[in-house]
Amino acid sequence: MHMVDWKAIEEKWQRRWSEAGAFETDPDPEKPKFYLTVAYPYPNSPQHIGHGRTYTMTDVHARWKRMQGYNVLLPMAWHYTGTPLFAMVERLKERDPELLETFLNIYNIPEERLPELEDPISMAEYFAEEIKHGMQRIGYSVDWRREFTTVDPVYSKFIEWQFEKLRQRGFITQGSHPVGWCPSCGNPVGQHDTVGDKEPEIEEFTIIKFRKGDMVFPAGTLRPETVFGVTNMWINPDATYVEAKVDGETWIISAEAADKLELLERSVERVSEFQGSKFIGITITNPVTGDEFPMLPASFVDPKAVTGVVMSVPAHAPFDLVALDQLKREAKKNPDAYRFKPSDIKDLEPISVLEIDGYGPVPARDVVDRMGITDQEDPKLEKATKEVYSAEFHGGRMRNNTGQYASMPVQQAKEAVKEDIVAKGFATTMYEMLEPVQCRCGSEVVVKIFENQWFINYGDPAWKRLAHENIDSMTIIPYELRQEFHNVVDWLREKACARKAGLGTPLPWASDWIIEALSDSVIYMAYYTVIKGINEVGPEPEQLTEEFWDYVFLGRGDAESVAEATGFTAEKLMEIHEEFSYFYPLDARHSGRDLISNHLTYMVFCHDGIWPRELWPRGIVVNGSVLMEGSKMSKSLNNIIPLINAIDGFGADPLRLSLMITAEPLKDADFSPDLAKNMGDNLERFHQRAVKIIEQGRGSPDNLHDIDRWMLSRLQSYIAEADEALKELKVRKTIHAAMYNLNQDMDWYQKRVARELERPERADAIRYVEWRVLDTQVRMMTPFTPHLCEEIWEKMGGEGFIAFAEWPKVDVSSVSQMSEVLEGMIKTCMEDIQKITRVTGIRPAKIHFYTADGWKWKIYLKALELAKKEQLDVGTLIKEAFKDAEMKARSKAVPGYARQIVDDVIKLPDDEMELQLKMGQLNEVNILMDAVSFIEGEHGCEVAVSAESDPWTEDPAKRAHRAKPYRPAIYVQ
Ligand SMILES: [Zn+2]
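Let us look at the structure shown here.

Turning our attention to the pairing of strand S22 (residues 510–515). Of the strand pairs in this sheet, strand S20 (residues 498–499) and S22 are connected by 2 bridges, and their pairing is antiparallel. Of the residues in S22, the one forming a bridge with Arg499 is Ile514. Pairing of strand S21 (residues 506–507) with S22, which is carried by 2 bridges, proceeds in the antiparallel orientation. Bridge pairing links Pro506 to Ile514 in S22. With antiparallel pairing between neighbouring strands as the criterion, S21 and S22 make up a hairpin whose turn holds 2 residues.

Next up on the list: helix H13 (residues 461–473). For H13, built from 13 residues, the straight-helix expectation of 18 Å at 1.5 Å per residue is met to within 8% by its first-to-last C-alpha distance of 19 Å. The set of residues buried in H13 consists of Trp463, Lys464, Leu466, Ala467, His468, Asn470 and Ile471. You can read the cap of H13 off the contacts: a side-chain oxygen lies 2.9 Å from the backbone nitrogen of Ala462, and it is on Asp460.

A few words now on the coordination of the zinc ion. In the first shell of the zinc ion, the protein supplies Cys182 (SG), Cys185 (SG), Cys439 (SG) and Cys441 (SG), at 2.2 to 2.3 Å from the metal. Around the zinc ion sit 4 donor atoms; with metal-centred angles ranging over 106 to 115°, the donor geometry is tetrahedral. Along the chain, the residues donating to the zinc ion fall in the pattern C-x2-C-x253-C-x1-C. Of this pair, Cys185 sits in the loop between strand S3 (172–182) and strand S4 (187–188) while Cys439 sits in the loop between strand S16 (427–433) and strand S17 (446–457), and the two are 254 residues apart along the sequence.

Moving on, we come to a nonpolar patch on the surface. Among the surface-exposed residues, Val810, Val812 and Val815 lie close enough to one another that they form a single nonpolar patch of about 250 Å² accessible area. Within the element layout of this structure, Val812 appears in the loop between helix H26 (786–795) and helix H27 (817–840).

Okay, helix H5 (residues 120–137) next. With 18 residues, H5 extends 26 Å between its outermost C-alpha atoms, agreeing within 8% with the 26 Å of an ideal straight helix rising 1.5 Å per residue. All of the buried residues in H5 are Pro120, Met123, Ala124, Tyr126, Phe127, Ala128, Ile131, Lys132, Gly134, Met135 and Arg137. Here the buried face of H5 lies against helix H1 (6–20), helix H2 (52–67), helix H3 (84–93), helix H4 (97–106), helix H20 (643–650) and helix H21 (652–661). At the exit of H5 stands Gly139, carrying a positive phi of roughly 90°.

Below, the discussion takes up the environment of Met887. The topology assignment puts Met887 in helix H30 (residues 885–888). Distance in space between the C-alpha atoms of Met887 and Lys858 is 9.8 Å, their sequence separation being 29 residues. Those residues within four positions of Met887 in sequence are excluded, and the remaining contacts are Trp855, Lys858, Ile859, Ala881, Phe882 and Val894.

Time to look at the side chain of Lys464. In this structure, Lys464 sits in helix H13. Buried within the structure, Lys464 lacks any salt-bridge partner; Asp490 is the closest side chain of opposite charge, at an N-O distance of 5.9 Å. Separated by 2.7 Å, the side chain of Lys464 and the backbone oxygen of Val489 make a polar contact. Beyond its immediate stretch of four places on either side in the chain, Lys464 contacts Tyr458, Gly459, Val489, Asp490, Trp491, Leu492 and Phe605.

So, about the nonpolar core. Counting residues in hydrophobic clusters, the biggest one holds 168 residues, and the most contacted among them are Phe671 and Phe849. If we skip the residues at most four places from it in the chain, Phe671 touches Ile49, Val626, Leu627, Met628, Glu629, Ile641, Phe650, Leu655, Ser658, Leu659 and Ala676. Residues Val522, Ile523, Ile596 and Ile620 belong to the second largest nonpolar core, which totals 78 residues.

Strand order in this open sheet of 4 strands is S4-S3-S17-S19, and the pairing throughout is antiparallel. This sheet does not close on itself; its edge strands, each paired only once, are S4 and strand S19 (494–496). Each of S3 and S17 is contacted by helix H7 (residues 255–263), which is oriented at about 25° to S17, the strand it contacts most.

One pass over the structure, following the stated rule, counts 55 aromatic pairs. Ring centres of Tyr35 and Tyr584 lie 6.2 Å apart, and the angle between their planes is 50°; this geometry places the pair in the tilted category. With a gap of 549 residues between them, Tyr35 in strand S1 (residues 33–38) and Tyr584 in the loop between helix H18 (570–583) and strand S23 (588–592) connect regions that are remote in the sequence. Both residues of the pair, Tyr35 and Tyr584, count as buried. Arranged with centres 4.6 Å apart and planes meeting at 80°, the rings of Phe148 and Tyr527 form a pair that is edge-to-face. Of this pair, Phe148 sits in the loop between H5 and helix H6 (153–168) while Tyr527 sits in helix H15 (residues 524–537), and the two are 379 residues apart along the sequence. Like Phe148, the residue Tyr527 is buried in the burial classification. The side chain of Arg63 reaches across the aromatic face of Trp17, ending 4.7 Å from its centre.

Moving on: the pattern of salt bridges. Under the criterion given, the structure shown has 76 salt bridges. Note that Glu823 and Arg752 form a salt bridge whose closest N and O atoms lie 2.7 Å from each other. Remark: Arg752 occurs in helix H24 (residues 731–753) and Glu823 occurs in helix H27; sequence separation between them is 71 residues. Here Glu823 matches Arg752 in class, with each residue buried. Each of Glu24, Asp26, Asp143, Arg145, Arg146, Lys532 and Glu579 takes part in one network of salt bridges that share partners.

Let us look at a negative patch on the surface. Where like charges cluster on the molecular surface, the negative patch consists of Asp558, Glu560, Glu564 and Glu571. As for its position among the elements, Asp558 is in the loop between helix H16 (546–554) and helix H17 (559–566). For Asp558, a relative accessible area of 40% translates into the label partly exposed.

Reading the values: rules and limits
- Residues numbered from 1 in each chain as written.
- Predicted model: local features only at pLDDT ≥ 70, side-chain atom pairs only at ≥ 80, totals over all residues.
- Heavy atoms only, no water.
- Pairing = 2+ DSSP bridges.
- Helix = DSSP H or I, 4+ residues; strand = E, 2+ residues; numbered from the N terminus.
- Expected span 1.5 Å × (residues − 1).
- Buried < 20%, exposed > 50% of the residue type's maximum accessible area, 1.4 Å probe, protein only.
- Polar contact = N/O pair within 3.5 Å; in protein donor to acceptor, adjacent residues only side chain to side chain.
- Donors = N, O, S within 2.8 Å, 3.2 Å for Na, K, Ca; no water.
- Tetrahedral: all angles 85-135°; square planar, octahedral: opposite > 155°, others 65-115°.
- Patch = residues over 30% accessible without salt bridge, like charges linked within 9 Å, V, L, I, M, F, W, Y side chains within 5 Å.
- Areas by Shrake-Rupley, 256 points an atom, 1.4 Å probe, with all protein chains shown as cover.
- Salt bridge = Lys/Arg side-chain N within 4 Å of Asp/Glu carboxyl O.
- Contact = heavy atoms within 4.5 Å.
- Lys, Arg positive; Asp, Glu negative; His and termini not counted.
- Core = buried A, V, L, I, M, F, W, Y, C linked by side-chain atoms within 4.5 Å.
- Axes fitted to C-alpha atoms, helices over the stretch in contact; angles between N-to-C directions.
- Phe/Tyr/Trp six-rings, centres within 6.5 Å; stacked < 30°, edge-to-face > 60°.
- Lys NZ or Arg CZ within 6 Å of the ring centre and 35° of its normal.
- Charge placed at Lys NZ, Arg CZ, Asp CG, Glu CD.

Right, dumping it as structure tokens:
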């Protein structure tokens, strides 16, 4: 037994790769390049297997392209900037028990090293080292010569240049804009600062001023076009509301709304405070339609959301519909519990104001009924709302009861209504979070108008057009996500790009501001291509002037004068510029799905804003995350496995394979220790079979039989499948083709030919086939399990590293549909025998095969011809059959037989029909004779093969007449 010593082969091949500088990539004008990057890690904690998916996928991508002949560059660096390191250091200094538990007991950080982690840079260095070690031990093919951190002085000069370029293009603004804000921390909040890394998304809500005399009940909505369908208002009876003078008007709003309006720079003067219940039953006027209706109570109204006052549009809002139904029911049961009479509300019916195909007049009713929702606290209401909203937004048209907006598409009416009612003073606007987001400190994130802040203006319409153009022209994997990127481009607006705290680069023109972490990490893919050259010179940061970067990245200026100004030699400048020009544009950017709404889209914008079209990014790959036995990994579930422990426990290759085998696009990978063990077992078996094949040698292709051609043909189909799947990085499919399915066919093949090995000429052919399968399989598995594959490749006497061997291509001359059809027939026969023995419980003493006579073939082929012309039916077939004089003699048998085969033929797939026609009549006796020794071996009995009407046919059970082409009759004795 050859057990794999994972640790030994990992160390061996990692050492060899490193000694050979295998993955250190320099420009090579002879080869096409492929440049891919993955988000550099933020080293404020160690790596666990949840981090493994995106990085392993990137490495698989890199390794696959390398085998396709590309000169592949995959670099890595470290993101130190921003506030997360500070936050982690604070928690450590406070000896936060949860953090200590994680560091000491999950990650096994030696306790005596904790004090040195109390400085942000030392902490980053410690974890960067740890993460790098993990990446090396899992076998990522990284060019480590280009490693850097984002607090390096050279990097700061690069970021200064980035900001100068954006400013020169007019994309940096200073002013007052809404930002996500934590009232407790007193800081703007980005995705890195929120619970669950949720991006704070800000929307401009329309606030419609419903009235009762001088009092305004302002209702916030994203659907101003539905104002024509309001049937009532909602207020939360148990929440605290205030009467406040807001910009001179008397507003009734939730207490929280009053606080938020202050942050939005409104003048707010609180007059008095009361429970929401105070207003229930009063009559309110719709400023747009003049309709009057009551204010009603609803528990779903969240005082923290927008104004805490809600307009009710039951025809188009599932929450409103369910709450209204519910209130009618309850008021009828318990009429005295309310400040209104049940009769006041029983006639409130949904008013439909827009129509969409596929729904009735009240779309909310359709969806709510379908989902069976009857309670306003039902969590399914979120989903119902999303469905109605999306259907109406994309396919809705305004009805005739909406005046001048009648028949306008909803998308257009939404903006038109908003603009008009704001202009008429019926409404105003208010920034609000699109969804609730929590700061890491626990406080709810709110919107603040932030004054004199520096912004990158992703709201610039001309810039948005470039980003859309780039997104349309790039490869986005999975393909389905392209629209999501367009949507993000559409809603992005000014993004605060600097802070007063944290590590990072000061704004070049306002050095009291530090550029924040989502703004200094958007074009660094370019930096990897030049940093190696810069390091070779070791310049002072001052030498890295704007002219320097302009030259190396944009080719501006001439080398001689830039050399004079910077102290670089002209040759070196040209070399650095050429290296950038060789590797750029970026071919693929890998990242997690949560970064679509910020990092990935910012990357597109900033590239498009700085470089000409031909240097824009060409690809994005979005990866899912990793679940642990179906659950999210979390400290509280105690299911975090550090990457290093997983490598030690399972081996790098089994771990890589288990992270990839469940990695479906758009889905989370589901890891489990059992899965990793199972992958280890699979790889052990792969290795064992390989060792055996290698011991036997390469064989020779001189005596190939149909079964050999079958195996080689199957092999081609798996190459094609793996290749097709990898184009979209559907790695699960690839592994299924390259490992599971191919192994299954190999098992069958080896079983089929086992008894032929005694004949030397057959043994040679079989070895040839097995060697070819192994040679292909080991190549196809290399991106996934590189260490084991190098080991096998070496034993095979392969040249160089398999990491650079050619990715298999389909060998068209080995594709043999005919042998696949023939072998399919043998397989079907074997299955039929198994069915018979299972049903009857017989231990076969002898198995008889009877093949169809020539006249049956004639009719069968006739049927195929008719089917091809789409003229096949029983009557026509019989008529055609009798045109042949030979059939006259069989006038009794022909019609029955014709009836039997018509269905069989009609069910055949077109390509198989075509193929059978091409192959014509087969000599089935010969085909079965070839498999006799195999079948005899499998069943331990004699096997007889003959045509149904051969004079020597033994047919004691009268089965022979049942024979059909491709379906010999079988008798198990
Ligand atoms: Zn906070």
